[in-house]
Amino acid sequence: MIERLDQLTLQNLIDLSCGDRSVLLVGDEKPTEEEMIERAARLLDEYKSLASPSQAKIDMLEAEELLKLRMKEKCLRLCFALCSQDRPDMARDVLLELDVSPHLIDTDEKVKTRCKAMLDEVVYEIKRHEELSQEKVTKIVTKTQDIRKSWYSEIAFVMSMLKTSIDPATLNAAIYANLVHSASERSKALAKMPPSMGMFL
């Protein structure tokens with residue numbers, strides 16, 4: 001299977017984003033559907049990290065935050081289990097590791113109350129993160145035709161901004177990702193310049 005973004009053409013990348021994972025196959029190999037989905041996601045992430053590093057970083061931080069919340073949820077559910085087995089002392093130790101002030105959990109009842117309050121808060125935060133992620137997904141175009149239009153619009157922007165021609169059938173996908181980043185940076189630079197300067201660039 002294709003392993004790196006630079007092994008794809010821009011056209012391959014567009015097809016991949018439209019759900020055609022056959023572009024990842026090399027020879028007569030037959031990977032599982034799960035392997036192909038994982039590889040497709042990794043290549044599309046690689047594209048995003050090159051084309052829009054700041055957005056890729058935001059996405060990574062959001063994913064990291066959600067992972068931390070899920071780990072915290074598991075710890076708090078463990079605390080609940082300990083309390084139900086008459087081991088609030090062990091639950092207290094876990095809460096201290098979660099940076100809960102000792103005076104807030106100095107009795108067994110306070111330990112149980114604090115566990116419930118923190119778990120409710122974490123569950124709420126996880127649900128909020130998931131809802132925001134779902135909203136982003138629903139905003140992303142899902143029809144193949146719309147996805148292709150989005151790509152062609154981006155290609156037109158890059159060609160216009162960098163004053164160059166792009167052939168999706170031959171251009172390396174990694175090179176295109178860097179061109180997108182360059183075009184975006186140029187657009188930002190032009191936006192900061194006085195109108196009279198733009199005519200000289």
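This text follows the structure it describes.
Residues numbered from 1 in each chain as written. Predicted model: local features only at pLDDT ≥ 70, side-chain atom pairs only at ≥ 80, totals over all residues. Heavy atoms only, no water.

Let's talk about the overall build of the protein chain
Then, in step 1: Tallying secondary structure elements over the protein chain gives eight helices and zero strands in all.
Then, in step 2: Sequence-ordered secondary structure for the protein chain, helices as α and strands as β, is α-α-α-α-α-α-α-α.
Then, in step 3: For 201 residues, the compact-globule estimate of 2.2 N^0.38 gives 17 Å, and the protein chain exceeds it by more than 25% at 25 Å.
Then, in step 4: With the C-alpha coordinates of the protein chain rotated into their principal frame, the extents come out at 70 × 55 × 25 Å.
Then, in step 5: Here the protein chain, with 201 residues, has 27% of them falling under the buried criterion.
Then, in step 6: Contacts spanning at least 24 positions in sequence make up 59% of the contacts within the protein chain whose residues lie at least 6 apart.
Then, in step 7: Just so you have it, the protein chain exposes about 13200 Å², and 56% of that area is on carbon and sulfur atoms.
Then, in step 8: Here the protein chain holds 29 positive side-chain charges and 35 negative ones, and the gap between their average locations is 5 Å. (Helix = DSSP H or I, 4+ residues; strand = E, 2+ residues; numbered from the N terminus. Rg over C-alpha atoms; globule rule 2.2 N^0.38 Å. Buried < 20%, exposed > 50% of the residue type's maximum accessible area, 1.4 Å probe, protein only. Contact = heavy atoms within 4.5 Å. Areas by Shrake-Rupley, 256 points an atom, 1.4 Å probe, with all protein chains shown as cover. Lys, Arg positive; Asp, Glu negative; His and termini not counted. Charge placed at Lys NZ, Arg CZ, Asp CG, Glu CD.)

Digging into helix α7 (residues 173-192)
Then, in step 1: Spanning 20 residues, α7 covers 29 Å between terminal C-alpha atoms, matching the ideal 28 Å at 1.5 Å per step.
Then, in step 2: If you check which residues of α7 are buried, you get A173, A174, Y176, A177, V180 and A183.
Then, in step 3: The elements touched by buried residues of α7 are α1 (10-17), α2 (33-51) and α6 (144-162).
Then, in step 4: A distance of 2.7 Å separates the backbone nitrogen of A174 from a side-chain oxygen at the start of α7, and that oxygen is part of N172. (Expected span 1.5 Å × (residues − 1). Polar contact = N/O pair within 3.5 Å; in protein donor to acceptor, adjacent residues only side chain to side chain.)

Observations regarding the nonpolar core
Then, in step 1: Grouped together as the largest cluster of nonpolar side chains are 29 residues, with contacts concentrated most on L5, L8, L24, Y47, W151 and Y176.
Then, in step 2: For this core, the elements supplying multiple residues, two or more each, are α1, α2, α6 and α7.
Then, in step 3: The greatest single-element share of this core, amounting to six residues, is contributed by α7.
Then, in step 4: Look past the residues within four positions of Y176 in its chain and what remains in contact with it is L10, Y47, W151, E154, I155, V158, I166 and L171.
Then, in step 5: Core analysis: the next-biggest nonpolar cluster, separate from the first, contains 17 residues, L76, A91, L95 and V122 among them. (Core = buried A, V, L, I, M, F, W, Y, C linked by side-chain atoms within 4.5 Å.)

With respect to the pattern of salt bridges
Then, in step 1: Scanning the model with the defined rule gives 13 salt bridges in all.
Then, in step 2: Between D108 and R92 there is a salt bridge, with the nearest N and O atoms lying 3.1 Å from each other. Pair noted here: D108 is in helix α5 (residues 108-139) and R92 is in helix α4 (residues 88-97), with a separation of 16 residues, a long-range link.
Then, in step 3: The class of D108 is partly exposed, set by a relative accessible area of 42%.
Then, in step 4: Residue R128 pairs with E125 through a salt bridge whose shortest N-O separation is 2.9 Å. Of the two residues, R128 and E125 are both situated in helix α5; the distance of three residues between them amounts to about one turn of the helix.
Then, in step 5: Relative accessible area serves as the criterion here: at 33%, R128 is assigned to the partly exposed category. (Salt bridge = Lys/Arg side-chain N within 4 Å of Asp/Glu carboxyl O.)

Quick look at unusual backbone geometry
Then, in step 1: A positive phi angle is found at D99, which is not glycine, with a value near 70 degrees.
Then, in step 2: Structurally, D99 is set in the loop between α4 and α5.
Then, in step 3: Take D99: its relative accessible area is 72%, and that puts it in the exposed class.
Then, in step 4: One non-glycine residue with positive phi stands out, namely K163, at about 50 degrees.
Then, in step 5: A relative accessible area of 63% places K163 in the exposed class.

Quick look at the packing of α6 against α7
Then, in step 1: It is at 9 Å that the axes of α6 and α7 come closest, and there the two elements cross at 60 degrees. When the axes of α6 and α7 are compared, the pair comes out oblique. Handedness of the α6/α7 crossing: left-handed. Seen from α6, the contacting residues are W151, E154, I155, F157, V158, M161 and L162; seen from α7, they are Y176, L179, V180, S182, A183, S184, R186, S187 and L190.
Then, in step 2: Residue classes in the contact of α6 with α7 are distributed as 11 nonpolar, three polar and two charged. (Axes fitted to C-alpha atoms, helices over the stretch in contact; angles between N-to-C directions. Parallel < 35°, antiparallel > 145°, perpendicular 65-115°, else oblique. Left-handed = near helix turned anticlockwise from the far one by under 90°. Nonpolar A, V, L, I, M, F, W, Y, C, P; charged D, E, K, R; others polar.)

So, to be careful, I would describe these as geometric facts and stop short of saying anything about function.
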